[in-house]
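Observations on the three-dimensional arrangement
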Amino acid sequence: MNYIVVMEAAWLVHDVENIDDAIGVAISEAGKRLNQKDMDYVEVGVGATNCPACGEPFDSAYIAADTALVGLVLEMDVFNAESEEHAERIAKSDVGGALRDVPLDVIAVEQTESDDEDE
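Fair warning: this is a prediction, and the values are worked out from it, not measured in the lab. (Residues numbered from 1 in each chain as written. Predicted model: local features only at pLDDT ≥ 70, side-chain atom pairs only at ≥ 80, totals over all residues. Heavy atoms only, no water.)

Considerations on a negative patch on the surface
A cluster of acidic side chains, namely Asp15, Glu17, Asp20, Asp21, Asp59 and Asp66, defines a negative patch on the protein surface. Within the secondary structure, Glu17 is located in the loop between β1 (2–14) and α1 (19–36). (Patch = residues over 30% accessible without salt bridge, like charges linked within 9 Å, V, L, I, M, F, W, Y side chains within 5 Å. Areas by Shrake-Rupley, 256 points an atom, 1.4 Å probe, with all protein chains shown as cover. Salt bridge = Lys/Arg side-chain N within 4 Å of Asp/Glu carboxyl O. Lys, Arg positive; Asp, Glu negative; His and termini not counted. Charge placed at Lys NZ, Arg CZ, Asp CG, Glu CD. Helix = DSSP H or I, 4+ residues; strand = E, 2+ residues; numbered from the N terminus.)

Observations concerning unusual backbone geometry
For Asp66, which is not glycine, the phi torsion reads 60° and is therefore positive. With respect to the helices and strands, Asp66 occurs in the loop between β5 (61–64) and β6 (67–78). Unlike most non-glycine residues, Asn80 shows phi in positive territory, near 60°. The exposure class of Asn80 is exposed, given its relative accessible area of 59%. (Buried < 20%, exposed > 50% of the residue type's maximum accessible area, 1.4 Å probe, protein only.)

Some remarks on the side chain of Asn2
With respect to the helices and strands, Asn2 occurs in strand β1. Within polar-contact distance, the side chain of Asn2 engages the backbone nitrogen of Asn80 at 3.0 Å. (Polar contact = N/O pair within 3.5 Å; in protein donor to acceptor, adjacent residues only side chain to side chain.)

Side note on the nonpolar core
Core analysis: the largest hydrophobic core is formed by 31 residues, its most contacted members being Val5, Trp11, Val70, Leu74 and Val95. Listing elements by their share of this core, those giving two or more residues are β1, α1, β6, α2 (84–98) and β7 (104–112). Contacts of Val5, omitting those with residues within four sequence positions, involve Leu74, Glu75, Met76, Val78, Ala87, Glu88, Ala91, Val106, Ala108 and Val109. (Core = buried A, V, L, I, M, F, W, Y, C linked by side-chain atoms within 4.5 Å. Contact = heavy atoms within 4.5 Å.)

Regarding α2
Here α2 spans 22 Å end to end across 15 residues, near enough to the 21 Å set by a 1.5 Å rise per residue. Of all the residues in α2, the buried ones are His86, Ala87, Ala91, Val95 and Ala98. Along the axis of α2, the buried positions cluster into a sector of 145°, meaning they face one direction only. Residues of α2 that are exposed and point more than 90 degrees away from the buried face comprise Arg89 and Ser93. Buried-residue contacts for α2 involve β1, α1, β6 and β7. (Expected span 1.5 Å × (residues − 1). Arc of directions from axis to C-beta.)

As structure tokens, this is what we get:
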């Protein structure tokens, strides 16, 4: 079966002054490391966090002492996995190998249409 696996990554960015710069640098650095491993099929974006006061979503980024923590969302297709758990392990292994020392957490797994109708 085929799946879309969505993961969240915690990315540190040093020497930044505003949120937009932090987000841009985090996406750029993550994309560069993934592309070095020929993993351009992984989509990288900024995550969203809900405001504890009003509940409205905002970009997952926080700056303190010119250092930002940016929550990235990484999405990839996993083909021919045996189960959702197997798809999660494949995605975490692939992305984790390219983004060493970056905390990853699977936040969603969704089954997609299979090319093979016999399954």
